[in-house]
Amino acid sequence: MQHEYKHPQIFADVLAISQLYYPLHNRFPKPFRFAVGERLLGELAECARLIMLAALVDRQTTAGRSEGATFVRRLRASIEVIRGYLLVAWEQKFLSHGAITELSTRLESVSRQAARWQQWFERATGGT
């Protein structure tokens, strides 16, 4: 009997951040929206991609777990890039205090999940 694939919670959380961010993105001034906002959307999409790649590695092999750890390290770097872009938007007053707080809180949750996931991969591989 086959069971349905369930996305990891971190994937759902990144999608929720994307859904929160997108309406804000559309209100940015055009130069900022195209110069920084598009990169931010790209980083969010890359986060979702990296999560799926990490989730689908072969966890039964050392090579698969090592590959998963690499994907999660890249995910954590992308999260930090997103934080930076959001900070720039907030400093330019394109994001409200409420919006930056909400997005930052959700990003922090994703970051903690990614850190725990990376620790699991690294313990399972013997400390990459």
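It should be noted that the structure appears before, not after, this text.
Right, let's walk through the structure included here.

What counts as what
Residues numbered from 1 in each chain as written. Predicted model: local features only at pLDDT ≥ 70, side-chain atom pairs only at ≥ 80, totals over all residues. Heavy atoms only, no water. Helix = DSSP H or I, 4+ residues; strand = E, 2+ residues; numbered from the N terminus. Buried < 20%, exposed > 50% of the residue type's maximum accessible area, 1.4 Å probe, protein only. Contact = heavy atoms within 4.5 Å. Salt bridge = Lys/Arg side-chain N within 4 Å of Asp/Glu carboxyl O. Axes fitted to C-alpha atoms, helices over the stretch in contact; angles between N-to-C directions. Parallel < 35°, antiparallel > 145°, perpendicular 65-115°, else oblique. Left-handed = near helix turned anticlockwise from the far one by under 90°. Nonpolar A, V, L, I, M, F, W, Y, C, P; charged D, E, K, R; others polar.

Let us look at the environment of R33. Inspection of the secondary structure assignment puts R33 in helix α2 (residues 30-55). On the accessibility criterion, R33 (18% relative accessible area) is buried. Residues R33 and A89, 56 residues apart in the sequence, show an inter-C-alpha distance of 9.6 Å. For R33, the contacting residues outside a window of four places in its chain are H25, N26, F28 and E38.

Moving on: the pattern of salt bridges. Per the stated rule, a full pass over the model turns up seven salt bridges. Taking the shortest distance from any N to any O, the salt bridge between E108 and R83 comes out at 3.2 Å. One end of the pair, E108, is in helix α4 (residues 97-125); the other, R83, is in helix α3 (residues 62-91), and 25 residues separate them in sequence. Overall, E108 belongs to the partly exposed group, its relative accessible area being 31%. According to the relative accessible area criterion, R83 is partly exposed, its value standing at 24%. Salt-bridge contacts for E102 lead to R106; the nearest nitrogen and oxygen are separated by 2.6 Å. Here E102 and its partner R106 are both found in helix α4, four residues apart, which amounts to about one turn of the helix. Through salt bridges with shared partners, a single network forms among E80, R83, E108 and R112.

It is worth spelling out the packing of helix α1 (residues 9-26) against α4 at this point. At a closest axis distance of 10 Å, the pairing of α1 and α4 adopts a crossing angle of 160°. With respect to α4, the element α1 is oriented roughly antiparallel. For the element pair α1 and α4, the recorded crossing hand is left-handed. Residues Q9, I10, D13, V14, A16, I17, L20, Y21 and L24 of α1 touch α4, and the partners they reach there are A99, E102, L103, R106, L107, S109, V110, Q113, A114 and W117. For the contact of α1 with α4, a count of residues per class yields 13 nonpolar, three polar and three charged.

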